[in-house]
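Observations on chain architecture
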Amino acid sequence: MTNGLQEIPLINVSNPLDSLDGQHERIERLFECAHGRIPVALLRWGDKSSRAWFVKSKNPYLDELDEIARIVNRPGCYALNFSFEWLCTTGCSKGSQTDAPRMYRTLDWVFNVGGEVVVTRHEGNAGDYFNIGWPGYVGVLTGLAPGRFAAAINQAPMSYALGRYSLGILLDWFVNRRRVARRRSLPPSHLLRRMFESCRDYTEAKEMLTHTPLCIPAIFTLSGARAGESCVIERMEESAVVHEGDVAAANHWVSPRFHGRERPWQSRQRRERMLDFLASPENGWLATPILNKHTCLIMEMNAGTGSLFVRGVHGEEVLTNDFRINPSAA
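Criteria and cut-off values
- Residues numbered from 1 in each chain as written.
- Predicted model: local features only at pLDDT ≥ 70, side-chain atom pairs only at ≥ 80, totals over all residues.
- Heavy atoms only, no water.
- Axes fitted to C-alpha atoms, helices over the stretch in contact; angles between N-to-C directions.
- Helix = DSSP H or I, 4+ residues; strand = E, 2+ residues; numbered from the N terminus.
- Parallel < 35°, antiparallel > 145°, perpendicular 65-115°, else oblique.
- Left-handed = near helix turned anticlockwise from the far one by under 90°.
- Contact = heavy atoms within 4.5 Å.
- Nonpolar A, V, L, I, M, F, W, Y, C, P; charged D, E, K, R; others polar.
- Salt bridge = Lys/Arg side-chain N within 4 Å of Asp/Glu carboxyl O.
- Buried < 20%, exposed > 50% of the residue type's maximum accessible area, 1.4 Å probe, protein only.
- Expected span 1.5 Å × (residues − 1).
- Polar contact = N/O pair within 3.5 Å; in protein donor to acceptor, adjacent residues only side chain to side chain.
- Phe/Tyr/Trp six-rings, centres within 6.5 Å; stacked < 30°, edge-to-face > 60°.
- Pairing = 2+ DSSP bridges.

Moving on, we come to the packing of helix H2 (residues 40-56) against helix H3 (residues 62-72). Orientation of H2 relative to H3, taken along the N-to-C sense of each, is 155°, at an axis distance of 10 Å. On the basis of the axis angle, H2 is roughly antiparallel to H3. Note on packing geometry: the crossing formed by H2 with H3 is left-handed. Here H2 contributes Arg51, Phe54 and Val55 to the contact with H3, which in turn contributes Leu62, Leu65 and Asp66. The class makeup of the residues in the contact of H2 with H3 is 4 nonpolar, no polar and 2 charged.

Have a look at this one:
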């Protein structure tokens, strides 16, 4: 820690278990934060139901989750690994003849965990990639594969109980939980991990994110290493709508094909602010409401140059020193 700010570590891992090495204090703070907002009894119930779902769906990362839960030995390991209750704003330029697309990203969460972020470097069959997240998280929420692509997940709207029609937020939530319980497809963060491990380029990544079944809706933003390789993929469990060019995503549907309850905290205003920035980059992008009281991570990525920038925050309060990988280092 320098200047009162946390350092963001870069950890070389062969699997997510390695992200726990030397991170005991960071893990303790993460679970103290979770236990301060969620009753332990509810986390234990969440662990039981989440693990049962992982078993029924034959999740490929269950063995890792079991080992992480054994090592950490705190309520919440399974439930938090299955959590989708976070918001984000993501934008991506389409690039130019001389510049690859650049991705701009904030992750918002009710937990004050921006100071506990880590960057892990993984070896995949298709090449190395960086995962920006927290120790013990087996999926990928935001990642960069230099020379291949960058990608991020935004939480999608809550689907209505009756297609185009809502039964109220509580009944909509219950119906959605039952739908997830019956499905056996991958969670979005696990699909993103599979993509980083196995896809060789933007085209393969786009194909996987567009057509692989999911257990719950999601919004993906994907950028490649060459100009014109940028898109937002709005996903239902079995269908998708792809938007290309200078794109931005928050937590509502842009396509009229999909219907649902958009997430709070000025979702439409956040997306419009990001689109304004992409049209006029000289104005900067870190402004209200993209930067808000729930923001915990700020990131910029360029798959073409391999550059990565990460900052942990709590709203406008900076919690970490800036983490940077420049093109020559990547």
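After presenting the structure, the write-up continues.
As enumerated under the stated definition, the model contains 15 salt bridges in all. Close ionic contact of arginine 183 with glutamate 238 constitutes a salt bridge, the shortest N to O distance being 2.7 Å. Pair noted here: arginine 183 is in the loop between helix H5 (169-182) and helix H6 (188-198) and glutamate 238 is in the loop between strand E10 (230-235) and strand E11 (240-244), with a separation of 55 residues, a long-range link. Residue glutamate 238 is classed as exposed on the basis of its relative accessible area, which comes to 57%. The partner of arginine 226 in a salt bridge is glutamate 229, with the nearest N and O atoms 3.2 Å apart. Classification of glutamate 229 as buried rests on a relative accessible area of 11%. One network of salt bridges, in which partners are shared, links Glu64, Arg193 and Glu197.

Take H2 next. Because each turn of an α-helix spans 3.6 residues, side chains separated by three or four positions in sequence point in the same direction. Compared with the 24 Å implied by 1.5 Å per residue over 17 residues, the 24 Å span of H2 between its first and last C-alpha is a close match. Structurally, H2 contributes buried residues whose contacts are with helix H1 (24-37), H3, helix H4 (77-81), H5 and H6. Phi for lysine 58, located one or two positions after H2, is positive at around 55°.

What follows covers the side chain of asparagine 131. As for its position among the elements, asparagine 131 is in strand E5 (residues 127-133). There is a polar contact of 3.1 Å between the side chain of asparagine 131 and the backbone oxygen of glycine 139. Among all residues touching asparagine 131, those that are not within four sequence positions of it are Val118, Val119, Thr120, His122, Gly139, Val140, Leu141 and Thr142.

Attention shifts here to the packing of aromatic side chains. Following the criterion strictly, the structure yields 10 aromatic pairs and no others. An angle of 25° between the planes, with centres 4.9 Å apart, marks the rings of tryptophan 53 and phenylalanine 82 as stacked. Of the two residues, tryptophan 53 is situated in helix H2 and phenylalanine 82 in the loop between H4 and strand E2 (87-92); the sequence distance between them amounts to 29 residues. A single burial state applies to tryptophan 53 and to phenylalanine 82, both of which are buried. Aromatic side chains tyrosine 104 and phenylalanine 277 sit 4.8 Å apart centroid to centroid with 85° between the ring planes, which places their arrangement in the edge-to-face category. In this pair, tyrosine 104 sits in strand E3 (residues 103-108) while phenylalanine 277 sits in helix H8 (residues 267-279), placing the two residues 173 residues apart along the sequence.

For the rest of this paragraph, the subject is the sheet that holds strand E1 (residues 10-13). What holds strands together in a sheet is hydrogen bonding between their backbones, with the strands either parallel or antiparallel. Within the open sheet, the 8 strands sit side by side as E1-E4-E5-E6-E7-E9-E10-E11. Their pairing is mixed. Each edge of the open sheet is held by one strand with a lone partner, namely E1 and E11. Between one strand axis and the next, the sheet turns by 20° as a mean value, whatever way the strands run. Pairing between strand E4 (residues 118-124) and E5: 7 bridges, direction antiparallel. Looking at E5, one finds that glycine 124 is bridged to glycine 127.

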